[in-house]
2 protein chains.
Amino acid sequence: MTTDARAQLKINTDRLMASLDELGAVGAYHDEEVSVTGVRRLALSPEDARGRRLVKGWFEEAGLTVSVDAIGNTYADRAGLEPAQAPVMSGSHVDSVPTGGRFDGALGVLGALEVVRTLNDHGVTTRRPLTIAFFTDEEGCRFGTDMLGSAVAVGRIPLEQAYSLTDDDGKSVQQELKSIGFLGAEAVGMRTPHAFVECHVEQGPTLIHEEIDLGVVTGVQGISWRRLTITGASAHAGATPMSFRKDAGLAAARINCRLHEMCAGGEYGAEMRATMGVIHPEPGMINVIPGRVIATVDLRNPDDDAMRRAETNLDAYQQHIAQELGVTIESVQTARTPAVVFDESVQRAIEAAADGQGLSHRRILAGAGHDAQEWSAVCKTAMIFTPGLNDGISHNPRELSTPKQCADGINTLLSVILSLSDEDG
Amino acid sequence: MTTDARAQLKINTDRLMASLDELGAVGAYHDEEVSVTGVRRLALSPEDARGRRLVKGWFEEAGLTVSVDAIGNTYADRAGLEPAQAPVMSGSHVDSVPTGGRFDGALGVLGALEVVRTLNDHGVTTRRPLTIAFFTDEEGCRFGTDMLGSAVAVGRIPLEQAYSLTDDDGKSVQQELKSIGFLGAEAVGMRTPHAFVECHVEQGPTLIHEEIDLGVVTGVQGISWRRLTITGASAHAGATPMSFRKDAGLAAARINCRLHEMCAGGEYGAEMRATMGVIHPEPGMINVIPGRVIATVDLRNPDDDAMRRAETNLDAYQQHIAQELGVTIESVQTARTPAVVFDESVQRAIEAAADGQGLSHRRILAGAGHDAQEWSAVCKTAMIFTPGLNDGISHNPRELSTPKQCADGINTLLSVILSLSDEDG
C-alpha cells in the first residue's frame with residue numbers, strides 16, 4: 001500500500017462503538033437519578049477482571065501476541081517490517097472509578113485495538129512493530145496510587161512497593177492480581193518504545209465549549225494528593241459547650257474553604273485546582289460532634305514551583321487549624337507526580353494528522369493524570385484529547401462521547417501511529 | 001416504717017452497678033482505638049429488643065405489673081396505699097446511639113428499678129402508686145425523631161405519624177415494633193402521672209469540672225434539627241476549571257463554618273450550640289468533586305426567640321451560599337422542640353433530697369433532649385443529673401460513671417420519689 005493510500009485509511013466507527021458498548025456492559029450499573037448507565041470496574045475487582053479478559057481475547061483475535069507483566073499490564077505486540085526496531089506503543093486503561101463512564105480509558109485501549117483491526121483489514125504491515133496495551137489501576141481509587149501499572153513499568157514505583165499497597169479491606173495488589181489471574185510472567189521494565197501516543201476523553205469542558213474537534217495535549221498538571229486524619233473529640237452535640245469542643249468536622253470544613261481561597265487568590269497561578277473529595281466524619285451522627293474525620297485533598301498545578309508553594313502554605317494552615325481547634329491533623333502524601341511536558345515532535349505529528357483529517361484542534365493541558373505521562377519518562381510521548389458531551393463530564397455515568405467524536409480521535413490516532421512507525425531509529 | 005426510717009433508706013449500689021453491667025453487655029462492642037467497651041442498641045434493633053426483654057424481665061421479677069403501649073413504651077406499675085391517686089413516674093430509655101456508652105438512659109431506667117427493689121427489700125409501700133418505665137427511641141438516631149415514644153405518649157406526636165417514620169433501609173417504626181414484639185396493646189395517652197422525675201448522666205463537662213455531686217435540672221434547651229441535601233455537579237477534580245465547579249462539599253463546609261461563627265458571635269445568646277454531625281459527600285472519591293452532600297445541622301438554644309432568629313439567619317445564609325456556589329440546597333426540619341422549663345417545686349424537692357444525702361448540687365440546664373421534657377407537658381417534672389468522668393463525655397464508649405456517682409443520683413431519686421409519692425392530690 002502506498003503512503004498516499006495509507007493516508008486515506010479510515011477506521012470502522014461502528015466496530016469501535018460496538019466494542020465500546022460491549023466493554024461498557026462489563027460492570028455496568030444504572031444510575032436511577034440521572035437515568036443513565038455507568039460503569040464500575042474498580043482495579044483488580046471481578047468486574048475489572050472480566051473487562052481485561054474480554055479485551056485480551058480481542059487482542060488475541062486480532063492476531064497479536066499478548067504478554068502480561070508482573071504488575072498486570074497487558075501488552076499485545078504486532079510484528080513490523082523491521083522487527084529489531086523499537087515499537088510504537090499506544091494504550092490506556094480498562095479500570096474505572098466507582099461511578100465511571102464508558103469512555104474514560106476504554107477509548108484509548110479499544111481505539112488502539114481498532115487501529116490494529118483496521119491495519120489488519122487492509123493488510124498493512126508497519127515498518128516498526130506496534131504494541132497496544134492496557135495498564136493496571138490507572139484510577140488509583142482502590143489502592144490509593146494512580147497510574148500504578150505504568151509507573152511500575154517505567155520504574156518510577158518499585159514493584160514490591162506496588163505489591164504491598166492494600167485496599168480498604170486490607171487486600172493487597174499482589175493478592176488481587178493473583179486472584180484475578182493477571183499476575184503475569186513478564187518482568188516489568190522490559191519495554192522501551194520508540195514513541196507512545198494515547199487517545200483519551202478530555203474529561204473537562206474546554207473543547208466542547210470552544211467547539212474544537214481535538215486537543216493536542218502539551219503535558220499533564222502536577223498532582224499532589226494527601227489524606228488527612230483529623231482527630232478531635234467526639235462528644236454530645238447538646239451538652240458540650242462550644243468552648244469545650246474539638247470538632248474534627250469543623251477543621252475539615254475550614255481546610256476545604258481555605259483550598260478554594262488559595263485557588264481564587266491567584267498566588268499559585270490561574271490554573272491551580274483543589275478539591276476535597278472525601279469527607280468522612282466519625283461517628284457521623286446528627287447529635288454527636290465529629291471526633292474524627294478522614295478527608296482528602298487533591299491539588300493540581302501545571303507549575304511545579306507553584307505546587308510546592310501551595311503545599312507548604314497548606315501544611316502551615318493545617319498546623320494553624322490544629323492549634324486553633326485543639327485537634328491533631330495527620331497528613332499523608334498518597335500521590336505526587338510532577339508536571340509533565342510532552343514531546344514537541346509528537347505533538348506536531350498529531351497536529352499534522354488532525355490537519356490531514358480536516359479536524360480543528362488546539363493545544364491543551366491535561367488536568368487529569370494519564371498513563372502517557374509515565375511513558376513520557378522513557379520515550380517521546382503525547383496525547384490526543386476528544387471532546388465529550390455534558391460539559392465533558394467524566395468520572396460520572398453521564399460521561400458521553402458521540403461516534404464522530406470517538407472516530408475523529410481514533411482516525412487521528414491511526415494516522416499518527418502510521419507516521420511514527422515510519423520514523424527512523 | 002416511719003418517715004425518719006424511710007429517710008435513711010439507701011439503695012444497693014452493687015446491685016445497681018451489676019444491673020448496669022448486665023444491660024451494658026447487650027449490644028456491647030469493643031472500640032479498638034480507645035480500648036473501651038461501648039454499646040450499640042439502636043432503637044427497635046435486635047440489640048434494643050434484647051435490652052428491652054432483659055429489663056422487662058427484671059420489672060416482672062420485682063413484682064411489678066408490666067404493660068407495653070402501642071408505641072412500645074414499657075410501663076411497670078407498683079401499687080400504692082391509695083390506688084386511686086395518680087402515680088409518681090420515673091424512667092428513661094434503653095436505646096442508644098450507634099457508638100454509645102453504658103449509662104445514657106440505662107441509669108435512669110435501672111436506677112428507677114433499683115428504687116423499687118430497695119422499697120421491696122424494706123417492705124415499703126408508698127402512698128401513691130409508682131410507675132417505672134422505659135420509652136421508645138429516645139435517641140432518634142435510627143428514625144430521625146428523638147424522644148419518639150414519650151412524645152407519642154403525651155400526645156405531641158400522633159401515633160400514625162410515628163408509625164410511618166422509616167430508617168435508612170426503609171423499615172418503618174410500626175414494622176420494627178411488631179418485628180421485635182413490642183407493639184403493645186395499651187393505648188397511648190392513657191397515663192397522667194402526679195409527677196415525673198428522671199435521673200440521667202449530664203452528658204457534659206460542667207458538674208465534673210466544678211466538682212459538684214449533682215445537677216438539679218432547670219429545663220431543656222430548645223432543639224432544631226435540619227437535614228440538608230446539597231446538590232451541585234460531580235466532575236473530574238483535575239480537568240474541571242474552578243470557575244466551572246458546583247462543589248456541594250464546599251457548600252457544606254461554608255455552612256459548617258458559618259454555624260460556628262454564629263455561636264461565637266454571641267448574637268443568639270452565650271448558650272447557642274451548633275453542630276454539623278453528618279457530612280456525606282457523593283461519590284466521595286479523592287479525585288471527584290462532590291456532586292451531592294447530605295449534611296445535618298443540630299442547633300440548641302435555651303431561648304426560643306434566639307433559636308428562631310438563628311434558624312432564620314441560617315435559612316438566609318443557605319440561600320446565599322446556594323446562589324454563590326451554583327448549588328441547590330434542600331433543607332428539611334427533622335426535629336424541633338421548644339425550650340422546656342421544669343417545675344420549680346420538683347426542683348426544690350430534688351434539692352432537699354440531695355441536702356438530705358449530704359450532696360453538693362447546682363441548678364443546670366440540659367443541653368440534650370430527654371424523655372422528661374415530654375412528660376413535663378402533662379405533669380410536674382424535673383431531672384437529676386449525675387457527673388461523668390472523661391469530661392462527662394457521652395454518646396461515646398468512653399462515657400463512664402463511678403459507682404458513687406451513680407449511687408448519689410439514685411439515692412437522691414429514691415428520696416425524691418418517696419417525698420413526691422406522699423404528696424396530696
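Enquirer: How would you sum up the nonpolar core? Please name residues and give values.
Expert: Counting 88 residues, the largest nonpolar core has L20, V55, F59 and L110 of chain B as its most contacted members. Those residues in contact with L110 of chain B, other than ones at most four positions away along the chain, are L16, S19, L20, L23, V55 and W58 of chain B.

Enquirer: Got a sec to walk through helix 14 (residues 403-421) of chain A? Specific residues and values, please.
Expert: Counted at 1.5 Å a residue, the expected span for helix 14 of chain A with its 19 residues is 27 Å, and the 26 Å between its end C-alpha atoms agrees. Burial analysis of helix 14 of chain A places 15 of its 19 residues in the buried class, which makes it a mostly covered element.

Enquirer: How would you sum up the relation of the copies chain A and chain B? Please name residues and give values.
Expert: For the pair chain A and chain B, the best superposition has an RMSD of 0.1 Å and corresponds to a rotation of 179° with a translation of 0.1 Å parallel to the axis. With respect to symmetry, the two chain copies, as superposed, fit the operation of a two-fold axis. Considering only C-alpha atoms, the residue of chain A closest to the rotation axis is A253 of chain A, which sits at 2.1 Å. A share of 100% of the interface residues of chain A reappears at the interface of chain B, consistent with the copies meeting face to face through the same patch.

Enquirer: Give a description of the packing of aromatic side chains that names residues and reports values.
Expert: Taken as a whole and assessed by the stated rule, the structure comprises 10 aromatic pairs over all chains. Ring plane angle 35° and centroid distance 5.9 Å describe the contact between F59 of chain B and F134 of chain B, whose orientation is recorded as tilted. Linking F59 of chain B in helix 3 (residues 46-61) with F134 of chain B in strand 6 (residues 130-134), this pair joins segments that are 75 residues apart in sequence. Classification of F59 of chain B by relative accessible area gives buried; the value is 0%. Judged by its relative accessible area of 0%, F134 of chain B falls in the buried class. An angle of 40° between the planes, with centres 5.5 Å apart, marks the rings of F135 of chain B and W375 of chain B as tilted. Here F135 of chain B is found in the loop between strand 6 and helix 5 (148-153), whereas its partner W375 of chain B is found in helix 12 (residues 371-375), with 240 residues between them in sequence. Take F135 of chain B: its relative accessible area is 1%, and that puts it in the buried class. Through pairs of rings, three or more aromatic residues link up here, namely Y75, F135, F196 and W375 of chain A. In this structure, R191 of chain B packs its charged tip against the face of Y75 of chain B, placed 4.1 Å from the ring centre.

Enquirer: Which residues make up the interface of chain A and chain B, and what values do they have?
Expert: Listed per partner, the contact involves 62 residues of chain A and 62 residues of chain B. The contact between chain A and chain B buries some 5000 Å² in all, and 65% of this surface belongs to carbon and sulfur atoms. Linking chain A with chain B are 9 residue pairs in polar contact (both at pLDDT 80 or more). For the side of chain A that touches chain B, the elements supplying multiple residues, two or more each, are strand 9 (222-231), strand 10 (235-236), helix 9 (248-265), strand 11 (273-275), strand 12 (279-282), strand 13 (288-289) and strand 14 (292-301) of chain A. Counting residues per element, the side of chain A that touches chain B draws most heavily on helix 9 of chain A, which supplies 8 residues.

Enquirer: Would you mind going over the confidence of the model for chain A in detail, with residue names and values included?
Expert: Here chain A averages 95 in pLDDT, and 100% of its residues register 70 or above. With pTM at 0.73, the complex prediction returns an ipTM value of 0.73.

Enquirer: I'd love a proper account of the side chain of N287 of chain B, names of residues and values included.
Expert: Within the fold, N287 of chain B resides in the loop between strand 12 (279-282) and strand 13 (288-289). Excluding anything up to four places from it in sequence, N287 of chain B contacts E139, C141, W225, D298, R300 and H395 of chain A together with A235, H236 and A237 of chain B.

Enquirer: Give me the lowdown on the pairing of strand 5 (residues 88-92) of chain A, citing residues and values where you can.
Expert: All names here are of chain A. Taken across its 5 residues, strand 5 has 5 buried, putting it largely inside the fold. Across the two faces of strand 5 the burial is the same, with V88, S90 and S92 and M89 and G91 all buried. Judged from the 5 bridges that link them, strand 5 and strand 6 (residues 130-134) form a sheet pairing that is parallel. In the strand pairing of strand 6, V88 is matched with L130. In this fold, the crossover linking strand 5 to strand 6 by way of helix 4 (residues 106-121) has right-handed handedness. Relative to strand 7 (residues 195-201), strand 5 is paired through 2 bridges, and the arrangement is parallel. Its bridge partner being in strand 7, V88 is matched across the sheet by A195.

Calculation notes
Residues numbered from 1 in each chain as written. Chains lettered and ligands numbered in written order. Predicted model: local features only at pLDDT ≥ 70, side-chain atom pairs only at ≥ 80, totals over all residues. Heavy atoms only, no water. Core = buried A, V, L, I, M, F, W, Y, C linked by side-chain atoms within 4.5 Å. Buried < 20%, exposed > 50% of the residue type's maximum accessible area, 1.4 Å probe, protein only. Contact = heavy atoms within 4.5 Å. Helix = DSSP H or I, 4+ residues; strand = E, 2+ residues; numbered from the N terminus. Expected span 1.5 Å × (residues − 1). Least-squares fit on C-alpha atoms with pLDDT ≥ 70 in both. Phe/Tyr/Trp six-rings, centres within 6.5 Å; stacked < 30°, edge-to-face > 60°. Lys NZ or Arg CZ within 6 Å of the ring centre and 35° of its normal. Buried area = accessible area lost by both parts, 1.4 Å probe. Polar contact = N/O pair within 3.5 Å; in protein donor to acceptor, adjacent residues only side chain to side chain. pLDDT = per-residue confidence, 0-100. Pairing = 2+ DSSP bridges. Right-handed = clockwise from strand over helix to strand, strands pointing away.

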